Amino acid sequence: MMRALQAEGVKTIFGYPGGSIMPVYDALFDYTRGEKKCFDHILVRHEQGATHAAEGYARVSGEVGVALVTSGPGVTNTLTGIADAMLDSTPIVVIAGQVPISALGTDAFQEVDLVGVAQPISKWSYQIRHAEDVTWAVSRAFYIARSGRPGPVVLDFARNAQVEEIDWEPKKVDFIRSYVAYPQLNMDAVREAAELINQAKRPLALVGQGVELGHAQEELKAFLEKADIPAGRTMLGLSALPSNHPLNVGMLGMHGNYAVNLKEQECDVLIAIGMRFSDRVTGNIKTYAKQAKIIHLDIDQSEIDKNVRTTVAVVADCKESLPAITALLDKQQHQEWRDSFKELDEKERVKVIEPAIHPQSGPLLMGEVVHAVAEQAADDAILVTDVGQNQLFATRYFKYHHKRSICTSGGLGTMGYGMPAAIGATFAAPERQVVCFMGDGGFQMCIEELGTIMEQQSPVKMILLNNHYLGNVRQWQDMFWMRRKSFTKMMNPCYELIAQGYGIPYQAVTDRKDLAAAIKKMLQTDGPFLMECAIKEDDDVLPMTPPGMNVNDMMLEI
């Protein structure tokens, strides 16, 4: 197992030992020190933290993240992270101990049918029953995890297979007959797409994480610039196009930017690139972009026509399909169409953005904290968020100048994701600044990972936006449930004492006049730092498209 992982280029493993994985951990002892050292093992405090840390590592590095855990509750604790990785196309491999095959089906201590449980939420799950299967299974696992549309793979490692002895025989899997990782580019579809774009008067591109996963950031820019196409980005695709690029027109989705969401209902050609038409982007699917001809570029055939009916589908890696289409495009100018965004942008700026980032009085707001951090953060800083209002404000008001600069839980919306994912990000890119925004709810869901941060001195700059509420649920209760705040008020501990217990520098900010200095201190402190900000209790995220409503019903005020 050690040599198979080494052959796959693994450098960092996030894990938690236990009885059924003990032989692997015993082997790991030699491979993390001395002459054999080739891995760093990061001892997390909970197995869910291992998977989220592996996700953060994968999202920032572009490599496969690895989690190593024991059987039973050890591996069932990883299921949330596996499902999260599946929905967000994140390549991780989870290796779990299992009872010996002679004990399978006997309800042995800490036995669970991992392959059966993991199959619906992973790209592949497999039980290694004999030692001779190890190298093949590991190579196949990494090939499946990283190729095509990436995702999580689960290996269930029976204890007898861990202790059997065989001669080492390397194996390399780079082809699976039933698995087409990279579909062949259909040039007829490319020509149809190019013709539609050349004829378009009001084209609009929707940029998803597929551009980042396909390492196609430069190809995207060339495509957009040649045809002068304004582009919105999904939450997971925010850093695929720099925030200051002249063709960037903002974030898509329920809490995205006003102009780009409304213009989806006016464009004549909609080009979706590496995105899946999530319900958070489309709103009411029955009324979404009915006026537009839709071109969908995606590596996964199953996404085509799944949610939105397409006019032309180009099924291929976008690093291949984008330049193929670009080569057939006419040089265009769509200045009048692009200018039509400006009035809506200004309306949002006046009604929403300025009050959110430059309030004149009252308690601190989430938007102003995010904006203030973004103003001082390094250009290549990595944004990590938890889930909830902290996520929505952070993704809206942070700035993205560098590829692979955002880690957030999109499809599953996993509270507790932020802190462990930020730990993973610091190991993926130790030279880059990592800032992690969390609410008081999500912070407490994986608060034990402060122990990992303490031990590793991971330089995570943690910004706790504390409003004493489960803020996103509270906002929905206020808007749609007659302000009946059912169990969303939070009684919180003293975070200063908690930080002190872990030896992590801490500062509280209750007054905006102290905010800039506190951020400067946080960013200049070596190692981890926790900055707690006292936030207005009823701070609401706007704009907002109410659930089930049309995209053009987006609200600028409540």
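Let us look at the structure shown here. Since this is a predicted model, take the numbers as computed values, not measurements. (Residues numbered from 1 in each chain as written. Predicted model: local features only at pLDDT ≥ 70, side-chain atom pairs only at ≥ 80, totals over all residues. Heavy atoms only, no water.)

**Focus on the overall build of the chain**
Our working rule: Secondary structure counts use DSSP, requiring at least four H or I residues in a row for a helix and at least two E residues in a row for a strand, with both numbered from the N terminus. As defined in this context, the radius of gyration uses C-alpha atoms, and a globule is described by 2.2 Å times the residue total to the power 0.38. The classification of residues rests on relative accessible area computed with a 1.4 Å probe and restricted to protein chains. Under 20% of the type maximum is buried, over 50% is exposed, and intermediate values are partly exposed. Residues are treated as being in contact if the distance between any of their heavy atoms lies within 4.5 Å.
When you go through the chain residue by residue, the secondary structure sums to 23 helices and 18 strands. Taking 2.2 N^0.38 as the reference for a compact globule, 558 residues should give roughly 24 Å; the C-alpha atoms of the chain span a radius of gyration of 24 Å, in line with that estimate. In terms of overall dimensions, the chain has a C-alpha envelope of 70 × 60 × 45 Å along the principal axes. Here the chain holds 558 residues, and the buried ones make up 59% of them. Looking at the chain alone, contacts between residues at least 24 apart form 77% of all its contacts between residues at least 6 apart.

**Considering the state of the cysteines**
Put simply, the rule is: The disulfide criterion is simple: two cysteine sulfur atoms within 2.5 Å.
Within the structure shown, the criterion is met by 0 disulfides. C407 forms no disulfide, and the closest cysteine sulfur to it belongs to C436, at a distance of 9.4 Å. There is no disulfide at C446, and the cysteine sulfur nearest it, in C436, is 11 Å away. Owing to a relative accessible area of 2%, C446 belongs among the buried residues under this scheme.

**Here's the deal with helix 11 (residues 217–227)**
Stated formally: Taking the helix axis as origin, the arc is that swept by the directions to the C-beta atoms.
Among all positions in helix 11, only Q217, E219, L220, F223, L224 and A227 are buried. Taken down its axis, helix 11 places every buried residue within 160° of arc, on the same side. Where the residues of helix 11 are buried, they touch helix 9 (187–199), strand 7 (203–207), helix 10 (210–213), strand 8 (231–233), strand 10 (269–273) and helix 14 (318–326). Phi for D228, located one or two positions after helix 11, is positive at around 55°.

**Details of the pairing of strand 4 (residues 92–98)**
Regular strands have side chains that alternate between both faces of the sheet. Threshold: Strands pair, by our definition, only if DSSP identifies at least two bridges between them.
Across the 7 residues of strand 4, 7 count as buried, placing the element largely inside the fold. A two-sided burial pattern is seen for strand 4, the buried positions comprising I92, V94, A96 and Q98 on one face and V93, I95 and G97 on the other. Pairing of strand 4 with strand 6 (residues 153–158) involves 6 bridges; the strand directions are parallel. Pairing of I95 across the sheet is with L155, part of strand 6.

**Some words on the packing of aromatic side chains**
Note the following rule: Side-chain rings of Phe, Tyr and Trp (the six-membered ring for Trp) are treated as a pair once their centres are within 6.5 Å; stacked means planes under 30 degrees apart, edge-to-face means over 60, and tilted covers the remaining angles.
Tallied over the entire structure, the rule returns 13 aromatic pairs. Note on Y126 and W136: the rings are 5.3 Å apart at their centroids and 75° apart in plane angle, and the pair reads as edge-to-face. Residue Y126 is found in strand 5 (residues 124–128), and its partner W136 is found in helix 7 (residues 134–146); the two are separated by 10 residues along the sequence. For Y126, a relative accessible area of 22% translates into the label partly exposed. With relative accessibility at 28%, the residue W136 sits in the partly exposed group. Taking 6.1 Å as the distance between ring centres and 70° as the angle between the ring planes, the aromatic pair formed by F277 and Y288 counts as edge-to-face. Of this pair, F277 sits in the loop between strand 10 and helix 13 (279–282) while Y288 sits in the loop between helix 13 and strand 11 (293–298), placing them 11 residues apart in sequence.

**Quick look at the packing of helix 16 (residues 366–376) against helix 23 (residues 515–524)**
Short version of the rule: All axes here are fitted lines through C-alpha atoms, helices being fitted over the stretch that makes contact, and every angle between N-to-C directions spans 0 to 180 degrees. With respect to orientation, any angle under 35 degrees is reported as roughly parallel, any angle over 145 as roughly antiparallel, any angle of 65 to 115 as roughly perpendicular, and every other angle as oblique. Throughout, a crossing is termed right-handed when the near helix is turned clockwise from the far one, and left-handed when it is turned anticlockwise from it by less than a right angle. When residues are sorted by character, Ala, Val, Leu, Ile, Met, Phe, Trp, Tyr, Cys and Pro go into the nonpolar class, Asp, Glu, Lys and Arg into the charged class, and all the rest, Gly among them, into the polar class.
At a minimum axis distance of 10 Å, the contact between helix 16 and helix 23 shows a crossing angle of 50°. The angle between helix 16 and helix 23 places the two elements in the oblique class. In this structure, helix 16 crosses over helix 23, and the sense of that crossing is right-handed. Of helix 23, the residues touching helix 16 (which contributes E368, V369, A372, V373 and Q376) are L515, A516, I519, K520 and L523. Among the residues forming the contact of helix 16 with helix 23, the class breakdown is 7 nonpolar, 1 polar and 2 charged.

**So, the sheet that holds strand 4**
Spatially, 6 strands are ordered 2-1-3-4-6-5 in an open sheet, and the strand pairing comes out parallel. The open sheet terminates on both sides in strands that have one partner only, identified here as strand 2 (40–43) and strand 5. Between one strand and the next, the sheet's axes are offset by a mean angle of 20°, whatever the strand orientation. With 5 bridges connecting them, strand 5 and strand 6 associate as parallel partners. Paired with Q127 across the two strands is D156, which belongs to strand 6.

Keep in mind these values describe shape, not function.
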